[in-house]
Amino acid sequence: MKKILITGFEPFGGAAINPALEAVKLLEGVVLNNGEIVICQVPVTRFKAIDAVIEAIKYHQPDYVITVGQAGGRAAITPERVAINIDDFRIADNEGNQPIDQPIVVDGPDGYFSTLPIKAMTQALQQAGIPCQVSNTAGTFVCNHLFYGVQHYLRDTRIAHGFIHIPLLPEQAALTNQPSMSLAMIAEGLKVAAQAVIDNEQDIQLTGGTIC
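Residues numbered from 1 in each chain as written. Predicted model: local features only at pLDDT ≥ 70, side-chain atom pairs only at ≥ 80, totals over all residues. Heavy atoms only, no water.

## Some words on the overall build of the protein
Across its full length, the protein holds six helices and eight strands. Starting at the N terminus and ending at the C terminus, the protein contains elements arranged as β-α-β-β-α-β-β-β-β-α-α-β-α-α. For 212 residues, the compact-globule estimate of 2.2 N^0.38 gives 17 Å, and the protein sits close to it at 16 Å. Taken over the C-alpha atoms alone, the protein extends approximately 45 × 40 × 40 Å along its principal axes. By residue count, 53% of the 212 residues in the protein fall in the buried class. As presented, the protein carries roughly 10000 Å² of accessible surface, and 50% of it is formed by carbon and sulfur atoms. Positive and negative charge centroids in the protein, built from 13 and 21 side chains respectively, lie 3 Å apart. (Helix = DSSP H or I, 4+ residues; strand = E, 2+ residues; numbered from the N terminus. Rg over C-alpha atoms; globule rule 2.2 N^0.38 Å. Buried < 20%, exposed > 50% of the residue type's maximum accessible area, 1.4 Å probe, protein only. Areas by Shrake-Rupley, 256 points an atom, 1.4 Å probe, with all protein chains shown as cover. Lys, Arg positive; Asp, Glu negative; His and termini not counted. Charge placed at Lys NZ, Arg CZ, Asp CG, Glu CD.)

## Re the sheet that holds strand E3 (residues 35-42)
Pairing in this open sheet of six strands is mixed, and the strands run E2-E3-E1-E4-E8-E5 from one edge to the other. Two strands in the sheet have a free side with no partner beyond their single neighbour: strand E2 (31-32) and strand E5 (78-79). Note that strand E1 (residues 2-9) and strand E4 (residues 64-70) share five bridges and pair parallel. Along E4, the bridge assignment pairs Ile4 with Tyr64. (Pairing = 2+ DSSP bridges.)

## Thoughts on the nonpolar core
Core analysis: the largest hydrophobic core is formed by 35 residues, its most contacted members being Ile4, Ile6 and Ile66. Every element with two or more residues in this core is listed here: E1, helix H1 (19-27), E3, E4, helix H3 (118-127), strand E8 (160-166) and helix H6 (183-199). Per-element accounting of this core gives the leading share, nine residues, to H6. Leaving out residues up to four positions away in the same chain, Ile66 has contacts with Ile4, Leu5, Ile6, Thr7, Leu116, Gly162, Ile164, Ala194 and Val197. In this structure, Val44, Phe141, Val142 and Phe147 belong to the second largest nonpolar core, which totals 29 residues. (Core = buried A, V, L, I, M, F, W, Y, C linked by side-chain atoms within 4.5 Å. Contact = heavy atoms within 4.5 Å.)

## Describing the UniProt feature "active site" (unreviewed entry) in the protein
The UniProt record annotates "active site" (unreviewed entry) at Glu80, Cys143 and His165. Spatially, the listed residues are clustered: although they cover 86 residues, their C-alpha atoms lie within 10.3 Å of one another. Note on placement: Glu80 falls in the loop between E5 and strand E6 (82-84). Using a relative accessible area of 0% as the deciding quantity, one classes Glu80 as buried. Residues within four places of Glu80 in sequence aside, it is in contact with Arg74, Ser114, Ile118, Ser135, Asn136, Thr137, Ala138, Phe147, Phe163 and His165. With respect to the element layout, His165 can be found in strand E8. In this view, His165 contacts Gly69, Gln70, Ala71, Arg74, Ala76, Ile77, Thr78, Glu80, Ala138 and Cys143; residues no more than four positions away in its chain are not counted. (UniProt positions renumbered as here; feature names shortened; annotations may be inferred.)

Laid out in structure tokens, this is it:
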């Protein structure tokens, strides 16, 4: 049976809740077809986020890792294609760090591509009636930082890893004009994505590019 580690960030930026963590909590111990889910909570802190996931990888010894974070303004669940080697924080993290134009790994590669089947994941969610699109930017905050750092750590292993951004919850978006998605749909989407990872050792060809 395959093991999938799914991680979720704690709240940040003064928020009381982070849908990534709330959704991941609902998935703890969930059994899939030929797989099971284990979880990890991640601090929104430049110098602690990567270490927290590395420790969880060492403890759980997963076959796959899916790191998850919220993305205000997005209406769909969005598997990320690539992480870039730059920290350029628009706001401070939860310990007050706000680096500008600094590398995540000095002398590291410019970027790392997801090693998960992001097109197959996207198709599986769409077929399940859950809005999903491939994303080509994970930003330059702690989400991208974690995506890049974990990918760098796993670069010489057989463990596949990728990052997924999710929308805000309705209660987060209630006083704004930002899109949202219910917690139940987010959790189900992550479950469907995890199953797609198990079912697709090779990714499929599916349109997921953008013009600009």
